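Summary of the model geometry
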Amino acid sequence: MYLELKRVDPEVYKAVVGEIKRQAFTLEMIASENFVSRAVLETAGSPLTNKYAEGLPGKRYYGGCQFVDIVENLVRERAKQIFGAEHVNAQPHSGTQANIAAYLALLDIGDRILGMNLSHGGHLSHGHPVNFSGKYFEVHQYGVDRESETIDFDELLKIAKKVKPKMIICGASAYPREIDFERFREVADEVGAYLLSDIAHIAGLVAVGLHKSPVPYSHVVTTTTHKTLRGPRAGLILCTEEHAKAIDKSVFPGNQGGPLMHIIAAKAVCLKEVMTDEFKKYQKQIVANAKELAKKLSEKGLRLVSGGTDNHLMLVDLRDAGITGKVAEEALEEAGITVNKNTIPFDPEKPFIASGIRIGTPALTTRGMKEKEMDTIADMIARVVHSPDDEKIKKQVLDEVHDLCMRFPLYKEFLDEAGVKGPYDEPVI
Ligand code: DSN
């Protein structure tokens with residue numbers, strides 16, 4: 001697959017193989033990451049990257065769009081079918097681009113928006129002073145209840161009544177519980193606000209019906225396609241027919257130029273995979289794995305925010321363990337386990353230090369790991385987190401991680417081609 005790259009640019013080739021090797025021989029537990037199929041990968045690397053296609057299928061500003069029209073229409077039709085949406089825009093380059101386009105379709109600069117506090121699980125693009133969302137809109141925030149650590153709807157309603165936002169944004173990037181979209185819509189209706197639901201993290205769970213869909217309750221739904229949905233790195237917007245024109249115009253010409261047709265084609269392939277029984281089984285296993293991991297981590301004395309998980313991720317509060325998220329992230333990485341430090345609700349630490357780590361199961365579940373492996377991994381994580389400075393423990397865990405990874409191979413054909421059989425082999429140049 002990469003033989004020509006090897007010939008033309010050995011430096012990039014080595015970095016590419018290095019990254020494939022890193023993915024294959026470490027435990028990828030960043031909740032927002034996943035491993036795409038060979039079909040998605042081939043499509044994302046196809047000559048469709050060469051094509052300019054501003055506009056929409058059948059209404060382009062360039063000639064020669066007959067084939068890219070096919071793939072964009074497939075994304076629109078498949079996404080409509082999967083999510084029960086009236087309208088789909090297939091072009092956002094990412095989740096944040098989707099949010100920008102949705103805000104600018106429905107809002108005017110300076111309007112009030114109400115989103116979830118970032119350190120309670122929200123997202124930068126849901127209204128944060130350092131982000132465009134906080135610079136161009138007047139941002140207000142809701143969060144979780146201090147005791148239950150779940151969304152505080154009474155507080156949300158109180159804030160919404162006081163602030164009178166034009167849009168309420170729900171959806172999260174670090175919230176382990178199912179989101180009650182119906183209740184969000186009730187609050188939005190009570191104050192005359194639009195509801196935007198960002199399902200970037202849980203799109204796969206929603207697609208197969210494991211979590212309730214926000215589509216019937218939202219004016220607009222945005223998502224990424226590369227997390228639980230396991231597609232290429234990109235975004236999608238779903239909306240009601242009423243807002244279809246405004247959304248399409250806001251994506252192009254409002255906020256983006258030429259759509260990435262190779263990525264749109266890969267989104268079509270991803271959605272075809274989403275429609276299979278195998279994908280439904282996969283989503284169920286993601287949640288089963290997360291629940292098992294959460295249970296075992298709790299048994300090993302680690303406190304989980306809200307006490308557990310309903311989805312693909314959990315947040316570990318490390319304050320009782322006496323270490324910060326930053327230290328835990330670094331120690332786990334040395335032991336071959338990749339997670340990210342994450343603030344917890346009411347965190348006394350700054351985001352770059354953080355009191356927690358966020359752990360997710362989508363990528364490991366793609367490799368075929370199940371509850372038994374989650375038990376083993378919980379044990380590994382606990383050993384490292386309880387002794388982050390113990391080099392012997394980290395080395396032992398690293399060896400165990402390598403053994404486990406060898407039993408669940410990933411992108412083996414690429415590594416074989418590069419002459420890489422194990423974690424310490426270098427690609428042959
Ligand atoms: N960076 C993504 C995440 O990790 O959740 C959100 O944009």
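Located above this text is the structure these notes cover.
Now for a description of the structure that goes with this document. Just so you know, these numbers come straight off a predicted model, no measurement behind them.

What counts, and where the lines are drawn
Residues numbered from 1 in each chain as written. Predicted model: local features only at pLDDT ≥ 70, side-chain atom pairs only at ≥ 80, totals over all residues. Heavy atoms only, no water. Helix = DSSP H or I, 4+ residues; strand = E, 2+ residues; numbered from the N terminus. Expected span 1.5 Å × (residues − 1). Buried < 20%, exposed > 50% of the residue type's maximum accessible area, 1.4 Å probe, protein only. Contact = heavy atoms within 4.5 Å. Polar contact = N/O pair within 3.5 Å; in protein donor to acceptor, adjacent residues only side chain to side chain. Patch = residues over 30% accessible without salt bridge, like charges linked within 9 Å, V, L, I, M, F, W, Y side chains within 5 Å. Areas by Shrake-Rupley, 256 points an atom, 1.4 Å probe, with all protein chains shown as cover. Salt bridge = Lys/Arg side-chain N within 4 Å of Asp/Glu carboxyl O. Pairing = 2+ DSSP bridges. Axes fitted to C-alpha atoms, helices over the stretch in contact; angles between N-to-C directions. Near = heavy atom within 4 Å. Nonpolar A, V, L, I, M, F, W, Y, C, P; charged D, E, K, R; others polar. Left-handed = near helix turned anticlockwise from the far one by under 90°. Core = buried A, V, L, I, M, F, W, Y, C linked by side-chain atoms within 4.5 Å. Phe/Tyr/Trp six-rings, centres within 6.5 Å; stacked < 30°, edge-to-face > 60°.

**Here we look at helix H16 (residues 391-407)**
Along its 17 residues, H16 runs 25 Å from first to last C-alpha, staying within 8% of the 24 Å computed at 1.5 Å per residue. Where H16 is concerned, the buried positions are Ile393, Lys394, Val397, Leu398, Val401, His402, Leu404 and Cys405. Taken together, the buried residues of H16 touch helix H2 (10-25), strand S1 (27-28), helix H13 (325-334), strand S13 (337-338) and helix H15 (371-386). Where H16 begins, the capping side chain belongs to aspartate 390, and its oxygen is found 3.0 Å from the backbone nitrogen of lysine 392.

**Some thoughts on a nonpolar patch on the surface**
Together, Tyr52, Tyr61 and Tyr62 make up an exposed nonpolar region whose accessible area comes to about 400 Å². Considering the arrangement of structural elements, one finds tyrosine 52 in the loop between helix H3 (38-44) and strand S2 (55-56). Residue classification places tyrosine 52 among the partly exposed residues on the basis of a relative accessible area of 48%.

**Things to note about the sheet that holds strand S14 (residues 340-342)**
Taken in spatial order, the 4 strands line up as S11-S12-S15-S14 in an open sheet, and their pairing is antiparallel. Whereas interior strands pair on both sides, the edge strands pair on one side only; in this sheet they are strand S11 (303-304) and S14. Judged from the 5 bridges that link them, strand S12 (residues 313-317) and strand S15 (residues 356-360) form a sheet pairing that is antiparallel. In the strand pairing of S15, leucine 313 is matched with glycine 360. Sheet strands in contact with helix H12 (residues 277-299) are S11, S12 and S15, and its direction is about 15 degrees off that of S12.

**Section: the site of the ligand**
Neighbouring the ligand are Ser32, His123, Ser173, His201 and Arg358. Here an oxygen atom of the ligand and a side-chain polar atom of histidine 201 are 2.7 Å apart. In the model, an oxygen atom of the ligand is placed 2.7 Å from a nitrogen or oxygen of the arginine 358 side chain. Its residues assigned to classes, the shell around the ligand comprises no nonpolar, 4 polar and 1 charged.

**Considerations on the pattern of salt bridges**
This structure, assessed with the given rule, holds 32 salt bridges. Taking the shortest distance from any N to any O, the salt bridge between aspartate 189 and arginine 185 comes out at 2.9 Å. Pair noted here: aspartate 189 and arginine 185 are both in helix H8 (residues 181-191), with a separation of 4 residues, about one helical turn. Among the residues examined, arginine 185 registers a relative accessible area of 21% and is labelled partly exposed. Salt bridges sharing common partners tie together Glu149, Arg303, Asp317 and Arg319.

**Concerning the packing of H12 against H15**
For the pair H12 and H15, interaxial distance at closest approach is 9 Å and the crossing angle is 35 degrees. Every pair of crossing elements has a handedness; the one defined by H12 and H15 is right-handed. Packed against H12, whose contacting residues are Gln285, Ala288, Asn289, Glu292, Leu293, Lys296 and Leu297, the element H15 presents Glu371, Met374, Asp375, Ile377, Ala378 and Ile381 at the interface.

**A closer look at the side chain of lysine 21**
By secondary structure assignment, the location of lysine 21 is in helix H2. Given the relative accessible area of 14%, lysine 21 is considered buried. A polar contact of 2.8 Å, which involves the side chain of lysine 21, links it to the backbone oxygen of aspartate 425. Once you skip the residues sitting within four places of it in the chain, lysine 21 turns out to touch Leu415, Val420, Gly422, Pro423, Tyr424, Asp425 and Glu426.

**Some details on the nonpolar core**
In summary, soluble globular proteins display a tendency toward joint burial of nonpolar side chains. Grouped together as the largest cluster of nonpolar side chains are 108 residues, with contacts concentrated most on Leu27, Met29, Ile168, Phe184, Ile337, Ile359 and Ile377. What phenylalanine 184 contacts, discounting residues up to four positions off in sequence, is Tyr142, Ile151, Phe153, Leu156, Ile168, Cys170, Ile179 and Leu195. Of all hydrophobic cores here, the second largest spans 19 residues; its members include Tyr103, Leu107, Phe132 and Val220.

**Quick word on the packing of aromatic side chains**
Scanning the model with the defined rule gives 10 aromatic pairs in all. Relative to phenylalanine 184, the ring of tyrosine 142 lies with its centre 5.6 Å away and its plane at 55 degrees, an arrangement referred to as tilted. Of this pair, tyrosine 142 sits in strand S6 (residues 138-142) while phenylalanine 184 is found in helix H8, placing the two residues 42 residues apart along the sequence. Summarising the burial analysis for this pair, tyrosine 142 and phenylalanine 184 share the class buried. Three or more aromatic residues joined by ring pairs make a cluster, and in this case those are Tyr2, Phe35, Tyr411 and Phe414.

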